[in-house]
Amino acid sequence: MGDAAPFERFAIIGTGLIGASFGLAVQRAFPESSITACDRMSVLDKVAERGWGWKTTTDISAAVYGADLIYVALPVGATMEALPQIATKCDSRALVTDAGSTKTAICRVAEVEFRSRARFLGGHPIAGKELSGVEHANAELFRGARYVLIGNEHTPDERIQRFSELLRAIGSTLLWFDAETHDWAMAVVSQMPQLAAIALAGVIADETDETGLPLVLAGRGLRDLLRIAGSPYEVWRDICLTNTENIARTLDRVAQAIDFLRTHLASKELEGEFRAANEVYKILRDLQ
């Protein structure tokens, strides 16, 4: 791109789909950046095999030493466990940000750990796939994607402004929310649909007999509907544990909606439900 990088030394803690894709996006936009990847050795071996030229370490303390941007792309629970060590070992001038899918629990930990140390900025890229792992990383993952940051975009901290610039440089559109609003919204549009897809897949599995019926008759529509059912439990375990109340409320709403559909199967009242669903789909289609 020719522009100076907003940060010089990056530490990426967790090099799965999101962390590795972030590193690739930064590397493409700012080729002179120094990137250190921190993960399990089995994951780092895959990073090394790809020839990206990143430094690697299994030691968080070593990874964050001297870094001015620390990007934590671990599961929510692992992020909360890692933040105290990161806060203790990183430079006080660094910006630490995360990519967790729930924000309230993470931000509460960060509020305690980063009071007099480096700046913490909660974040969540709306840019995942149903397939996880470094082998699916893509430098284009963030391009055109919405990226949520927690706090106030007018906060007078140049580190936050530089990170905002970086996210725009890799193609993201920024949205700012408080942690509680983010968690409520994501329960409605991400976490409830995920669990609904799991429930639907479970029903279909139970109904499928030894001949493969009825699943062998499924068309593209069912595959599209159940695409997110391919997401691994490891990705969702901590999300459910840290946003339980919001998710439970939305599942209750789904249960009520299904009860209404069942009650009115032989009634023309379902036309209104279809029309409302059609409008939601149109909005989603226009957002892409």
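Residues numbered from 1 in each chain as written. Predicted model: local features only at pLDDT ≥ 70, side-chain atom pairs only at ≥ 80, totals over all residues. Heavy atoms only, no water.

Novice: Just give me the short version of the side chain of D238, but keep the residues and values in it.
Specialist: Tracing the chain through its elements places D238 in helix α9 (residues 233-242). Polar side-chain contacts of D238 include one of 2.8 Å to the backbone nitrogen of G77. Ignoring anything within four residues of it in the chain, the contact list for D238 reads P75, V76, G77 and A78. (Helix = DSSP H or I, 4+ residues; strand = E, 2+ residues; numbered from the N terminus. Polar contact = N/O pair within 3.5 Å; in protein donor to acceptor, adjacent residues only side chain to side chain. Contact = heavy atoms within 4.5 Å.)

Novice: Before we move on, could you go through α9 and cite the residues and values that matter?
Specialist: For α9, every residue scored as buried is listed here: W236, D238 and I239. For α9, the angular spread of buried residues about the axis comes to 160 degrees, placing them on one side. Exposed residues pointing more than 90 degrees away from the buried face of α9 are listed as Y233 and L241. Buried residues belonging to α9 abut α4 (76-89), α7 (179-207) and α10 (244-263). (Buried < 20%, exposed > 50% of the residue type's maximum accessible area, 1.4 Å probe, protein only. Arc of directions from axis to C-beta.)

Novice: Lay out the pattern of salt bridges with the relevant residues and their values.
Specialist: As enumerated under the stated definition, the model contains 12 salt bridges in all. As a salt-bridge pair, D98 and K103 come within 2.7 Å of each other at their nearest N and O atoms. For K103, a relative accessible area of 0% gives the class buried. The closest approach of N and O atoms between E158 and R162, which form a salt bridge, is 2.5 Å. In this pair, E158 and R162 are both assigned in helix α6 (residues 158-169), 4 residues apart and thus about one turn of the helix distant. Judged by relative accessible area, E158 falls into the partly exposed class, the value being 47%. Judged by relative accessible area, R162 falls into the partly exposed class, the value being 21%. Overlapping salt bridges, with partners in common, bring together R28, E140 and R143 in one network. (Salt bridge = Lys/Arg side-chain N within 4 Å of Asp/Glu carboxyl O.)

Novice: Hey, could you go over the nonpolar core for me, with residue numbers and the actual values?
Specialist: In globular proteins that are soluble, nonpolar side chains generally tend to be buried together. Counting residues in hydrophobic clusters, the biggest one holds 41 residues, and the most contacted among them are F22, Y71, F142, F163, L166 and L167. Taken together, the elements giving at least two residues each to this core come down to β1 (9-13), α1 (17-29), β2 (34-38), α2 (41-49), β4 (69-72), β8 (146-150), α6 and β9 (173-177). Among the elements that take part in this core, α1 stands out by supplying 8 residues, more than any other. Other than its neighbours up to four places away in sequence, Y71 contacts A11, I12, I13, I18, G19, F22, T97, A99, P125, F142, Y147 and F163. Among the nonpolar cores identified, the runner-up in size contains 28 residues, and I13, V96, F120 and W236 belong to it. (Core = buried A, V, L, I, M, F, W, Y, C linked by side-chain atoms within 4.5 Å.)

Novice: Break down the side chain of S231 for me, with residues and values.
Specialist: Within the secondary structure, S231 is located in the loop between α8 (220-225) and α9. Overall, S231 belongs to the buried group, its relative accessible area being 15%. Setting aside residues no more than four positions away along its own chain, S231 makes contact with K129, E130, Q194 and W236.

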